[in-house]
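Residue-level listing of the chains:
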Amino acid sequence: MAKAKIPENRFSLNVKADVQVTDPVQKLPKMAVYAFSSGGQLLSLELLGKDHTASLTLPGVKERQRIQVFLGPVIEKENIDISELKRRGSIREFVAIDPKVKTPEVIISVINEKILCWLRSLCFVQGNLLKRINRDGINIDMPVCNAKVEIYEVDPLYLIIPKLPDLVIERIREHIIDPIGPVVHPEIPFPPVELMPPLPAPTFPENLSLISGGQNRMMINDPELKQLALSTNTVQFRNELVRYADKLKYWICWYWPVSKKLVATTTTNGCGKFKAYFFNGCKNPDQPDLYFIAKQKIFFPFETTIYEPKPVSCHTFWNYQCGTEITLYTNHPLARTCAPCQDVIAPNNWVLVSAVGNLSLNNIHGTSQALSVSTNAANKGLTAGGAAFGGLLRFRLEFDNALRDSLGVKYYKMYYRKGNTGDFTPMTGTVNRHYTQEVGDELILKAYNLGPQSAGTTSHLFEIPPALPPEGQWSLPNVVEDTTSAYFNSLDVAPLEGKGVTWPEHGKYQIKVELYNASGNLVNIDAQSIKYVVQAEVDADNTIHTTAATALGLVQVVPGEILKSFVMELHIDNSRCLAQVGNPSLDGTGAGVKCGVIDYDASDMANMVDMPFEARHPNGFATYNFSVKRGVDQRVSASGNVPFPPATSLAQETVANLLDGCAVAGFSEALHVWANVTNGWSRQSGYDDFDHRAFVLSDK
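Reference entry: report on the structure contained in this document. (Residues numbered from 1 in each chain as written. Predicted model: local features only at pLDDT ≥ 70, side-chain atom pairs only at ≥ 80, totals over all residues. Heavy atoms only, no water.)

A few points about the overall build of the protein
Piece 1. For the protein, the count of helices and strands is nine helices and 46 strands.
Piece 2. For the protein, the residues scored as buried account for 47% of the 700 residues in total.
Piece 3. Summarising the internal contacts of the protein: among those between residues at least 6 apart in sequence, 72% fall at separations of at least 24.
Piece 4. Taken as a whole, the protein presents about 33,200 Å² of accessible surface, with 51% of it coming from carbon and sulfur. (Helix = DSSP H or I, 4+ residues; strand = E, 2+ residues; numbered from the N terminus. Buried < 20%, exposed > 50% of the residue type's maximum accessible area, 1.4 Å probe, protein only. Contact = heavy atoms within 4.5 Å. Areas by Shrake-Rupley, 256 points an atom, 1.4 Å probe, with all protein chains shown as cover.)

This is the structure:
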């Protein structure tokens, strides 16, 4: 075949790699040839052929010039530049170009060991991108999907320290010599612990500790380093600090900016995980120091940065061990999350009754193997901490895909009833899931309704979510709602009453789960070998371990029915708390209702001032705190569980101790009563109560 004619304004450079192979049977990796102008502009690149040759087409020149030709590993197009080629150990030749020579040639020698070095310097990076959501004080980590993750290599500390100005070196010296002394440079804040990578728990060198002195500051307990700080000049101390770089990294990051270079780009998958690799370079003696930026197309087609913590080196993963997994946390309000990818350890064809809200069934008496020894008739249905349930309860269920895909089980239905007799009432609150779909240049959020639906003659059914939505992928714009499988508003059956009183509707309730096929027929779980399980624990890699529900007596035939169902018990109590501070008195004489004054004389100094109060919850599901302050000083404090059965409490203190040297003193009494009731996500603080009162002790 005739060779393509080179345009008049172009010329061809023929490159041959003279490969010296010590092992002739060893397979060589792909190689490429890159040509740059003397000013660093990429002119051309070609893959090296099987015959170890390549022909580069270059722009014509009018006079003799010198170009740079590199032979090295194949590099992603967006990362190609001279510094990257040098970092990866590519071989460079300077070639003179003469306009009189239309087809110049260059031979580049390369040995087998050099090629292997390109491969050995490969660094594999893997990690997770999570969005940390705080819901009523509870941290929830959700995966962030379809986010672009940029991986940067940061200048190593041994290169940063020699560049530090004298002023910074001297500031470091000051802190090493006197770490708990006065803050000489208050304009330089120390990084809060919660911002130091890797989140959420920072790791420090063995001899690095945090001390408190008005602000968080770091102290290095190293006698040798302190001696150097006392005995060296600035130049000497800077040189010595290079040896202590790892101990200083959390200081230096707040003093001096660093430069970074993009080495890889990747995308998180449907579980929020990302993987990438880059070449650390043949001549690089340092473990890579990596920094990450994450972006997501929230407003198509533009990218929004959802993770880019500052300062850079305070959030750098220093001395990253290639192949280890890291976790990045974002709290960007617009970052889109998706459903967690959790492995469930359970028998085939499982139904996992996971939680009430965010409270695992493993933390509820009667549904927990761990709590089975301490479970009795009184605490059954209470949390491990003795809390009752109330408000809007959201149940969370997970299903083995085999139920829907192989067994034809398409629906579930949930009920409640008071006690263990009478009819069950179906739960009817609307349940949705959301998913995102790319339509042109837009990312559309759509709702997928799970129910209630009807099939055949059966109503109030909820669809078992399919593994994937009709298009796109599942998304969780609202973690609470998008993880709910059924709603039970306990206020509909056990409403709020007056403070401190209760009605018979409060108490034990049964919750039932049934399965139905696509025709709306109740499923025989034994015939289909379907197993109900409850959550036991979640280990470090997010794997859910389960306990067979049958072992806890949760799978049964309800009297009057034929087939087995899942039945659990919750203790529901929506009673309001009562806080009431009574009238204080001395020797039976109370404080005046209008002026609140108690008179005393010298003979009363050892006598007790009685301060009655009532912290009430009709069923004991509350705690309280009673305090008395004089000015800003607290004189009396009492706290604990509210009395059960309800009773009035009495705090007492002598006149002398209350006054503590004052002749006339004013006092403030405050009583807080907090309900020990949860909806699984948060404590029902709306059931709390508070009261306060003031009185004065006055010398007659």
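Alright, that's what it looks like, and here's the rest.
Brief notes about unusual backbone geometry
Negative phi values dominate among residues other than glycine, just as trans dominates among peptide bonds.
Piece 1. A cis amide bond links G451 to the next residue, P452, at an omega of 10°.
Piece 2. Within the secondary structure, P452 is located in the loop between β26 (442–451) and β27 (453–455).
Piece 3. Following F644, the chain continues to P645 via a peptide bond in cis, the omega torsion being 0°.
Piece 4. Its location among the elements puts P645 in the loop between β42 (633–641) and β43 (649–654).

Quick notes on the pattern of salt bridges
Where charged atoms from two side chains of opposite charge approach closely, those side chains can pair.
Piece 1. Throughout the structure, instances matching the rule amount to 17 salt bridges.
Piece 2. With a closest N to O distance of 3.0 Å, D81 and K261 form a salt bridge. In this pair, D81 sits in the loop between β5 (65–73) and α1 (82–87) while K261 sits in strand β13 (residues 260–267), placing the two residues 180 residues apart along the sequence.
Piece 3. Taking the relative accessible area as the measure of exposure, D81 reaches 27% and is therefore partly exposed.
Piece 4. By relative accessible area, K261 is classed as partly exposed at 24%.
Piece 5. Three or more residues joined by partner-sharing salt bridges are found here, namely K148, E150, K295 and E303. (Salt bridge = Lys/Arg side-chain N within 4 Å of Asp/Glu carboxyl O.)

Let's talk about the sheet that holds strand β29 (residues 473–475)
Piece 1. Strand order in this open sheet of three strands is β26-β25-β29, and the pairing throughout is antiparallel. Looking at which strands have only one partner, the edges of the open sheet turn out to be β26 and β29. If you compare each strand with its neighbour and ignore which way they point, the axes differ by 40° on average.
Piece 2. As defined by bridge partners, strand β25 (residues 431–439) adjoins β26 across nine bridges and the pair is classed as antiparallel. Paired with Y435 across the bridge in β26 is K446. (Pairing = 2+ DSSP bridges. Axes fitted to C-alpha atoms, helices over the stretch in contact; angles between N-to-C directions.)

Comments concerning the pairing of strand β44 (residues 665–675)
Piece 1. Note that strand β41 (residues 622–630) and β44 share nine bridges and pair antiparallel. Bridge assignment links R630 to a residue of β44, and that residue is F667.
Piece 2. By the bridge criterion, nine bridges tie β44 to strand β46 (residues 689–699) in an arrangement that is antiparallel. Counted as the bridge partner of E669 is R693 from β46.

Some thoughts on the pairing of strand β22 (residues 392–399)
Piece 1. Across the eight residues that make up β22, a large majority, six, are buried.
Piece 2. Where strand β19 (residues 350–356) meets β22, five bridges bridge the pair, whose relative direction is antiparallel. Bridge pairing links V356 to F395 in β22.
Piece 3. For β22 and strand β30 (residues 486–489), the ladder comprises four bridges, and the chain directions are antiparallel. Bridging from a neighbouring strand, L393 pairs with F488 of β30.

Overview of the packing of helix α5 (residues 223–231) against helix α6 (residues 234–241)
Piece 1. Direction vectors running N to C along α5 and α6 enclose 160°, while the axes themselves pass 9 Å from each other. In terms of axis orientation, α5 runs roughly antiparallel to α6. When α5 is examined against α6, the residues L225, L228 and A229 are found in contact with a partner set consisting of F237, E240 and L241.
Piece 2. A class-by-class count of the residues in the contact of α5 with α6 yields five nonpolar, no polar and one charged. (Parallel < 35°, antiparallel > 145°, perpendicular 65-115°, else oblique. Nonpolar A, V, L, I, M, F, W, Y, C, P; charged D, E, K, R; others polar.)

Points about the packing of aromatic side chains
Piece 1. Using the criterion set out here, one finds 14 aromatic pairs in the structure.
Piece 2. Both rings, one in Y412 and one in F462, keep their centres 5.6 Å apart while their planes meet at 25°; by these two values the pair is stacked. Taken as a pair, Y412 in strand β23 (residues 409–418) and F462 in strand β28 (residues 458–463) lie far apart in primary sequence, 50 residues in all. F462 carries the same exposure label as Y412, and that label is buried.
Piece 3. Measuring from centroid to centroid gives 4.3 Å for F613 and F626, while their planes differ by 15°, and the two rings are stacked. In this pair, F613 sits in strand β40 (residues 608–616) while F626 sits in strand β41, placing the two residues 13 residues apart along the sequence.
Piece 4. Overall, the relative accessible area of 3% leaves F613 in the buried class.
Piece 5. In this structure F626 comes out as buried when scored by relative accessible area, which is 0%.
Piece 6. Taken together, the ring pairs connect F274, F292 and F317 into an aromatic cluster. (Phe/Tyr/Trp six-rings, centres within 6.5 Å; stacked < 30°, edge-to-face > 60°.)

So, the environment of L392
Piece 1. Locating L392 in the fold gives a position in strand β22.
Piece 2. Residues L392 and D492 lie 100 residues apart in sequence; the distance between their C-alpha atoms is 9.4 Å.
Piece 3. Apart from the residues lying within four places of it in its own chain, the contact partners of L392 are Y487, F488, N489 and N679.

Notes on a nonpolar patch on the surface
Piece 1. On the surface, a nonpolar cluster with roughly 280 Å² of combined accessible area is contributed by L122, F124 and Y277.
Piece 2. Mapped onto the elements, F124 comes out in strand β8 (residues 122–135).
Piece 3. Classification of F124 by relative accessible area gives partly exposed; the value is 35%. (Patch = residues over 30% accessible without salt bridge, like charges linked within 9 Å, V, L, I, M, F, W, Y side chains within 5 Å.)

A look at the state of the cysteines
Piece 1. Applying the stated criterion across every chain yields a total of three disulfides.
Piece 2. Put simply, C271 and C341 are joined by a disulfide, and their sulfur atoms are 1.9 Å apart. What sets the handedness of the C271 and C341 disulfide is the S-S torsion sign, and at about -90° it is left-handed. Separated by 70 residues along the polypeptide, C271 in the loop between β13 and β14 (273–279) and C341 in the loop between β17 (325–330) and β18 (344–345) bring together distant segments of the chain. (Disulfide = S-S within 2.5 Å.)

A look at α6
Piece 1. Three or more residues of α6 are buried, namely F237, R238 and L241. All buried residues of α6 project into a common sector of 100° when viewed along the axis, lining one side. Among the exposed residues of α6, those pointing more than 90 degrees away from its buried face are V235 and N239.
Piece 2. Between a side-chain oxygen at the N-terminus of α6 and the backbone nitrogen of V235 the separation is 3.2 Å; the capping residue is N233. (Arc of directions from axis to C-beta. Polar contact = N/O pair within 3.5 Å; in protein donor to acceptor, adjacent residues only side chain to side chain.)

Focus on the sheet that holds strand β39 (residues 597–600)
Piece 1. With mixed pairing, the five strands of this open sheet are ordered in space as β39-β46-β44-β41-β42. A strand with exactly one partner marks an edge of an open sheet, and here the two such strands are β39 and β42. The sheet shows a mean angle of 20° between the axes of neighbouring strands, direction not considered.

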